[in-house]
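One-letter residues, chain by chain:
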Amino acid sequence: LTTKLPNPHYPPEICVTVTLLNFVTTFDGLADQLLAVVVAKEQPEMEKKRADLVLESAASQAQLKEIETKILNLLSNSSGNILDDEE
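All values reported here derive from a predicted model rather than from experimental measurement.

Asker: Would you take a moment to explain the layout of surface pockets for this structure?
Answerer: Over the atoms, a rolling probe the size of a water molecule traces out where space has been left empty. Quantified by volume, the largest pocket comes out at close to 520 Å³. Lining the largest pocket are 17 residues, with Thr 3, Pro 8, Leu 20, Leu 21 and Asn 22 positioned closest to its centre. A breakdown of the residues in the lining of the largest pocket according to their chemical character gives 11 nonpolar, five polar and one charged.

Following this line, the structure appears as structure tokens:
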């Protein structure tokens, strides 16, 4: 089976009988993966810092999205002058 869909969905009975391969890869992606493997082997403390930074970045992105949603809700539900609202 082949597809050009970026994220195909197959029924479970097909997934059990076949192996799915993703051939979409770039040189930069491969270089990043190789660098991560080398750093994990040679400097595990640096790899741990990197993993912590990735988690912190994801948490910050989630917090940013939550704040944006709150601001948009306040703007859409405000009446009169937005500067007069206490929230």
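Asker: Looking at this model, I keep getting lost on the environment of Gln 43. Mind explaining?
Answerer: Along the chain, Gln 43 turns up in the loop between helix H2 (27-42) and helix H3 (44-77). Relative accessible area serves as the criterion here: at 34%, Gln 43 is assigned to the partly exposed category.

Asker: Can you help me understand the pattern of salt bridges in this one?
Answerer: Tallying each qualifying case throughout the model produces two salt bridges. A salt bridge links Arg 50 to Glu 47; its shortest N-O distance comes to 2.7 Å. Here the residue Arg 50 and the residue Glu 47 both occupy positions in helix H3, the gap between them amounting to three residues, near one helical turn. When its relative accessible area of 42% is taken as the criterion, Arg 50 is described as partly exposed. Overall, Glu 47 belongs to the buried group, its relative accessible area being 16%. The closest approach of N and O atoms between Lys 48 and Asp 52, which form a salt bridge, is 3.3 Å. In this pair, Lys 48 and Asp 52 both sit in helix H3, four residues apart, roughly one turn of the helix. Taking the relative accessible area as the measure of exposure, Lys 48 reaches 51% and is therefore exposed.

Asker: I would appreciate a short explanation of H2 in the present structure.
Answerer: An α-helical turn contains 3.6 residues, so a residue and the one three or four places further along point in the same direction. Taking 1.5 Å of rise per residue, 16 residues should cover 22 Å, and H2 covers 22 Å from first to last C-alpha, within 8% of that figure. Burial runs low along H2: only one of the 16 residues are buried.

Asker: Teacher, can you tell me more about the packing of H2 against H3 here?
Answerer: Geometrically, a packed helix pair is captured by the angle between its two axes and the distance between the axes. Following both chains from N to C, one finds H2 and H3 inclined at 125°, their axes separated by 5 Å at the closest point. On the basis of their axis angle, the class for H2 and H3 is oblique. Contact with H2, carried on its side by Ala 36, Val 39, Ala 40, Lys 41 and Glu 42, involves Pro 44, Met 46 and Glu 47 of H3 and no other residues of that element. Residues of the contact of H2 with H3, tallied by class, amount to five nonpolar, no polar and three charged.

Criteria and thresholds
- Residues numbered from 1 in each chain as written.
- Predicted model: local features only at pLDDT ≥ 70, side-chain atom pairs only at ≥ 80, totals over all residues.
- Heavy atoms only, no water.
- 1 Å grid on protein atoms, 1.4 Å probe; cavity = no way out; pocket = protein on both sides within 12 Å on 5 of 7 lines; lining within 4 Å.
- Points joined across faces, edges and corners; volume = space filled by probe spheres on them.
- Nonpolar A, V, L, I, M, F, W, Y, C, P; charged D, E, K, R; others polar.
- Helix = DSSP H or I, 4+ residues; strand = E, 2+ residues; numbered from the N terminus.
- Buried < 20%, exposed > 50% of the residue type's maximum accessible area, 1.4 Å probe, protein only.
- Salt bridge = Lys/Arg side-chain N within 4 Å of Asp/Glu carboxyl O.
- Expected span 1.5 Å × (residues − 1).
- Axes fitted to C-alpha atoms, helices over the stretch in contact; angles between N-to-C directions.
- Parallel < 35°, antiparallel > 145°, perpendicular 65-115°, else oblique.
- Contact = heavy atoms within 4.5 Å.

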